[in-house]
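# Structural overview for review
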Amino acid sequence: MSLSSHVRRALLQMFFGLFVAVGLCNAQTSLTLTGEEARSQSGSGLDLLSGYSVAVDGTVALMGVPAFNEGLDVPAGDFDDVLWSAGRVAVFTRVSDPASETHARWQRTGTLKPPDLVGGLEFGTSVAIDGNIAVVGANDTAYVFRRSAGAWQHLAKLSATNPENTPFKVEVEYERGILLMRTADGLRVYHVSPQGKIKQTALLRAGALNGGAFATDGTVIAVGAPADNTALSGSVHLYRYIKHRWVRVNSLDPTDAQSVPTFGTSVAIRGGALLVGAARTFELQNKGAVYVFVRGPRQWQQTQKIEEPPMDEQEQYYHRFGDRIAIARTRVVIGNVATTRVFYGDVRTYVWNGGQLEPAEVLRGAEFSFGFDLDLSLRCLIVGEPQRYFQGDPGSAKVFELDGE
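A brief look at the structure comes next. (Residues numbered from 1 in each chain as written. Predicted model: local features only at pLDDT ≥ 70, side-chain atom pairs only at ≥ 80, totals over all residues. Heavy atoms only, no water.)

### Overview of the overall build of the protein
Along the protein, the regular secondary structure elements total three helices and 28 strands. Here the protein, with 405 residues, has 55% of them falling under the buried criterion. Surface summary for the protein: the accessible area is close to 18,100 Å², and the carbon and sulfur share equals 48%. (Helix = DSSP H or I, 4+ residues; strand = E, 2+ residues; numbered from the N terminus. Buried < 20%, exposed > 50% of the residue type's maximum accessible area, 1.4 Å probe, protein only. Areas by Shrake-Rupley, 256 points an atom, 1.4 Å probe, with all protein chains shown as cover.)

This is the structure:
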């Protein structure tokens, strides 16, 4: 695909000096519940879903455990005070360790819990972190925490209206003072000031009610809108903050000749690059793909389409390539989670080279749920693996140390 001179210039400005191939260290760390926490849940016969949601920023990682049963470590048969599926979020910190291969290790340093923890809250269905602000999604609610003097303190509770009888699992994103919260009535946008003041600035409905993904880099909000008709293609709507309000400035569509209804099931944006996933679904039997867009002086232009890797015919039906995407300065990671216990999930890594993404490495999990959620920073990649083959295994998250930054 030919590129205009403006787009080429944008690519060079964005990735100048970063065109070297970058790999991943072999070193990886499993983030799990403590032995005491795991033992307290023994005998429940339930999947705790550790690693259902994950996030990493610098030296801090979060792992959501939405099915954690608070107070289960009680005498046998005395369950009156147990808060079933209350949830919690485990906090891990990267600390110096000269004896390790990467001269660092991850250790458990805390737990996030809301002040009004109740059974069925499923606190930890989604997590996000940037700097000293962490956001946790739960049923019909999101909670904001702020780190001060090394300790995380509850800052605010954001409640949502839900007309349905069943709880809505709130999804959250947070980047550079912009907090996104998807609720049953749309995508709520909040500004978080340096002083910790939180103000809602928009309720976006276009695309937000279609089940698509959303992301922000602090200046642009991208909202995926998969089509509810197989004859149509999905879209991604872009918003910018203009004159004190969020305004839709563009909508992006894939350049394929045929319709791509799942276009918008995942999105990631960083600087001048936007990635849009069109995950495979068992019902449609479509091939999964990720589309790469680059921002020019006036508009975004599609520059690449990454198709799902070759797989056995039966195996490919049970994977969702492109269901999760993350982007950092030099790398992109794409999840390829499996939807059945028969196969294993994996995560594909790519690096920028001359303005194009090239395959780098494949990280294979030991379970089908590897890649259920993922996040990427300049230093680390974190991958959620919330369910194991044997019921009752708490699940985990894997952290991979990055090389070459």
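### Some remarks on the pairing of strand E19 (residues 273-278)
The buried count for E19 comes to six of six residues, which makes it a mostly enclosed element. Of the two faces of E19, both are covered, the one formed by Ala273, Leu275 and Gly277 as well as the one formed by Leu274, Val276 and Ala278. Across six bridges, strand E18 (residues 263-270) lies against E19 in antiparallel orientation. Across the sheet, the residue bridging to phenylalanine 263 is alanine 278, located in E19. In sequence, E18 turns back onto E19 through a hairpin of two residues, with glycine 271 there showing a positive phi of about 60°. With six bridges joining them, E19 and strand E20 (residues 289-295) adopt antiparallel strand pairing. Each bridged residue has a counterpart across the sheet, and for alanine 278 the counterpart in E20 is alanine 289. (Pairing = 2+ DSSP bridges.)

### Here's the deal with the sheet that holds strand E12 (residues 186-192)
Hydrogen bonds along the backbone pair up the strands of a sheet, which may run parallel or antiparallel. Strand order in the open sheet made by the four strands is E10-E11-E12-E13, with antiparallel pairing throughout. Strands at the two margins of the open sheet, each flanked by one partner only, are strand E10 (171-175) and strand E13 (198-204). Strand after strand, the sheet turns through a mean of 20° between neighbouring axes, direction not considered. With six bridges connecting them, strand E11 (residues 178-183) and E12 associate as antiparallel partners. Counterpart to threonine 183 in the pairing with E12 is glycine 186. (Axes fitted to C-alpha atoms, helices over the stretch in contact; angles between N-to-C directions.)

### A look at the layout of surface pockets
Its boundaries defined by the atoms lining it, the second largest pocket holds a volume of some 270 Å³. As for the second largest pocket, its lining consists of 15 residues, and the residues nearest its centre are Asp256, Ser259, Val260, Asn286 and Lys287. Contributing elements (two or more residues each) for the lining of the second largest pocket: E20 and strand E21 (300-307). Looking at the lining of the second largest pocket residue by residue, the class counts come to six nonpolar, five polar and four charged. (1 Å grid on protein atoms, 1.4 Å probe; cavity = no way out; pocket = protein on both sides within 12 Å on 5 of 7 lines; lining within 4 Å. Points joined across faces, edges and corners; volume = space filled by probe spheres on them. Nonpolar A, V, L, I, M, F, W, Y, C, P; charged D, E, K, R; others polar.)

### Here's the deal with the packing of aromatic side chains
Per the counting criterion, the structure on display carries eight aromatic pairs. Ring geometry for tyrosine 52 and phenylalanine 372: centres 4.9 Å apart, planes at 45°, overall tilted. Here the residue tyrosine 52 occupies a position in the loop between helix H2 (35-40) and strand E2 (53-57), and phenylalanine 372 occupies one in the loop between strand E25 (356-364) and strand E26 (374-376), the gap between them amounting to 320 residues. Judged by its relative accessible area of 27%, phenylalanine 372 is partly exposed. Seen from their ring centres, phenylalanine 263 and phenylalanine 293 are 6.3 Å apart, and the 70° between their planes marks the pair as edge-to-face. On the criterion of sequence distance, the pair formed by phenylalanine 263 in strand E18 and phenylalanine 293 in strand E20 is long-range, its members being 30 residues apart. Comparing phenylalanine 263 with phenylalanine 293 shows no difference in burial state: the two are buried. By the ring-pair criterion, three or more aromatic residues cluster together here, those being Phe123, Tyr143 and Phe145. (Phe/Tyr/Trp six-rings, centres within 6.5 Å; stacked < 30°, edge-to-face > 60°.)

### Overview of the side chain of aspartate 375
With respect to the secondary-structure elements, aspartate 375 resides in strand E26. Arginine 270 provides the closest opposite charge to the buried, salt-bridge-free aspartate 375, at an N-O distance of 6.5 Å. Of the polar contacts made by the side chain of aspartate 375, one reaches the backbone nitrogen of valine 56; its length is 2.9 Å. For aspartate 375, the residues in contact, after removing those within four places along its chain, are Val54, Ala55, Val56, Ala326, Cys380, Leu381 and Ile382. (Lys, Arg positive; Asp, Glu negative; His and termini not counted. Salt bridge = Lys/Arg side-chain N within 4 Å of Asp/Glu carboxyl O. Polar contact = N/O pair within 3.5 Å; in protein donor to acceptor, adjacent residues only side chain to side chain. Contact = heavy atoms within 4.5 Å.)

### A word on the side chain of arginine 94
With respect to the helices, strands and loops of the structure, arginine 94 is situated in strand E4 (residues 88-96). Owing to a relative accessible area of 18%, arginine 94 belongs among the buried residues under this scheme. A polar side-chain atom of arginine 94 sits 2.9 Å from a polar atom in the side chain of glutamate 401.

### Some thoughts on the sheet that holds strand E15 (residues 220-225)
Judged by pairing direction, the sheet is antiparallel, and its four strands sit side by side in the order E14-E15-E16-E17 without closing on themselves. Both edges of this open sheet fall to strand E14 (214-216) and strand E17 (245-252), since each of them pairs with a single strand only. Strand after strand, the sheet turns through a mean of 20° between neighbouring axes, direction not considered. Alignment of E14 against E15, held across three bridges, turns out to be antiparallel. Across the sheet, the residue bridging to phenylalanine 214 is valine 223, located in E15.

### Here we look at the environment of arginine 348
For arginine 348, the location among the structural elements is in strand E24 (residues 346-353). The class of arginine 348 is buried, set by a relative accessible area of 13%. Sequence separation between arginine 348 and arginine 364 is 16 residues; the distance between their C-alpha atoms is 8.7 Å. The contact partners of arginine 348, leaving out residues within four places of it in the chain, are Pro309, Phe321, Val332, Val333, Ile334, Asn336, Glu361, Val362 and Arg364.

### Considering the pattern of salt bridges
Counting across every chain of the model gives 20 salt bridges. Note that aspartate 323 is salt-bridged to arginine 320, the shortest N-O span being 2.8 Å. Classification of arginine 320 by relative accessible area gives partly exposed; the value is 22%. The closest approach of N and O atoms between arginine 324 and aspartate 323, which form a salt bridge, is 3.2 Å.

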